[in-house]
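# Descriptive structure summary
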Amino acid sequence: MNYCSACGAPVTKKVPEGDNLPRFVCEICRAIHYHNPKIVAGCIPEWGGEILLCRRAIEPKSGLWTFPAGFMEIGESIEQAAARETLEEAQAQVERISLFAVLSLPHIGQAYLVFRGPMSSPNFGAGEESLEAQLFSLSAVPWDQIAFPVVKDVLRRYVDDVTRGEFQVHVASLPDRLC
Ligand SMILES: [Zn+2]
């Protein structure tokens, strides 16, 4: 950040009084500009023992597979964000979704909240940000073509839970090299 978004003056990075981390501070209007982690809402849509993945049409990682996921918007709940991303990226409706994983990516300032739940119907398709959407059996997940380490981590946990026959809520942090 170079300029204050409130008044347009140059900002300096320093630790504000009473704080313990450096922030971008405006010397003119005194605004303190906090940069905090972003929340990513994701969903693993389920249908007949298979899961719905989509192939990214946008960078980064265009051409690789992920479950629907994206940044939460102001004005929506995290469940609404997960369902919205599912509709936008895979043109699928999910119902009664359950929290499945909370994964922190401290080094890039993100937290993934991933849900899972049944699709309302077998209808799906490629949204604007996807090249295609496809149902995968758990033995056919394209592990070497998954877009991000966090997505692979969540999918492995999902497959493990299905194999064990019981879902749990996973809470974990991904190490630096995996972010
Ligand atoms: Zn300012």
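Residues numbered from 1 in each chain as written. Predicted model: local features only at pLDDT ≥ 70, side-chain atom pairs only at ≥ 80, totals over all residues. Heavy atoms only, no water.

Here we come to the pairing of strand β4 (residues 38-47). Among the ten residues of β4, seven are classified as buried, and the element is accordingly described as predominantly covered. Two strands pair when backbone bridges link them, and β4 and strand β9 (residues 110-118) are joined in this way by nine bridges, in the parallel orientation. Within β9, the position partnered with V40 by the bridge is Y112. Relative to strand β7 (residues 69-71), β4 runs antiparallel, the two being bridged by three bridges. (Buried < 20%, exposed > 50% of the residue type's maximum accessible area, 1.4 Å probe, protein only. Helix = DSSP H or I, 4+ residues; strand = E, 2+ residues; numbered from the N terminus. Pairing = 2+ DSSP bridges.)

Attention now goes to the coordination of the zinc ion. The protein atoms donating to the zinc ion are C4 (SG), C7 (SG), C26 (SG) and C29 (SG), with metal-donor distances spanning 2.3 Å. In this structure, the zinc ion is surrounded by four donor atoms whose angles at the metal cover 99 to 116°, and the resulting shape is tetrahedral. Between consecutive donor residues of the zinc ion, the sequence gaps follow C-x2-C-x18-C-x2-C. A residue pair is termed long-range when its members are at least 10 positions apart, and C7 in the segment before β1 (11-14) and C26 in strand β2 (residues 23-26) qualify at 19 residues. Under the relative-accessibility criterion, C26 is labelled buried at 0%. (Donors = N, O, S within 2.8 Å, 3.2 Å for Na, K, Ca; no water. Tetrahedral: all angles 85-135°; square planar, octahedral: opposite > 155°, others 65-115°.)

Bringing helix α1 (residues 78-90) into the picture now. Given a rise of 1.5 Å per residue, 13 residues ought to cover 18 Å, and the 18 Å separating the end C-alpha atoms of α1 matches this to within 8%. Within α1 the residues assigned to the buried category are I78, A81, A82, R84, E85, T86, E89 and A90. On its buried face, α1 sits against β4, β5 (50-56), β7, β9 and β10 (130-137). One or two residues past the end of α1 sits Q91, with phi positive at roughly 50°. (Expected span 1.5 Å × (residues − 1). Contact = heavy atoms within 4.5 Å.)

As a further point, take unusual backbone geometry. A cis amide bond, omega -5°, links E59 with the succeeding residue P60. Mapping P60 onto the fold places it in the loop between β5 and β6 (65-66). For Q91, which is not glycine, the phi dihedral falls at a positive 50°.

Further remarks concern the nonpolar core. I44, F67 and L155 are the most contacted members of the largest nonpolar core, which totals 27 residues. When residues of this core are traced back to their parent elements, those giving at least two are β4, β5, β8 (98-105), β9 and α2 (149-164). By residue number, the principal contributor to this core is α2, which donates six residues. Counting 16 residues, the second-largest nonpolar core is a separate cluster that includes L52, A81, L113 and F115. (Core = buried A, V, L, I, M, F, W, Y, C linked by side-chain atoms within 4.5 Å.)

Position of E89 relative to the elements: it lies in helix α1. Considering only alpha carbons, one finds E89 and A57, 32 residues apart in sequence, at a separation of 9.8 Å. Here the side chain of E89 touches A69 through a polar contact of 3.3 Å, landing on its backbone nitrogen. (Polar contact = N/O pair within 3.5 Å; in protein donor to acceptor, adjacent residues only side chain to side chain.)

Right, let's talk about the packing of aromatic side chains for a bit. Inspection of every chain in the model, using the stated rule, returns four aromatic pairs. With centroids separated by 5.3 Å and ring planes inclined at 45°, the aromatic side chains of Y158 and F167 adopt a geometry described as tilted. Three or more aromatic residues joined by ring pairs make a cluster, and in this case those are F100, Y158 and F167. Lying over the aromatic face of F167, R116 brings its terminal NZ or CZ to 3.6 Å of the ring centre. When the ring centre of W143 is taken as reference, the NZ or CZ atom of R156 above it lies at 4.3 Å. (Phe/Tyr/Trp six-rings, centres within 6.5 Å; stacked < 30°, edge-to-face > 60°. Lys NZ or Arg CZ within 6 Å of the ring centre and 35° of its normal.)

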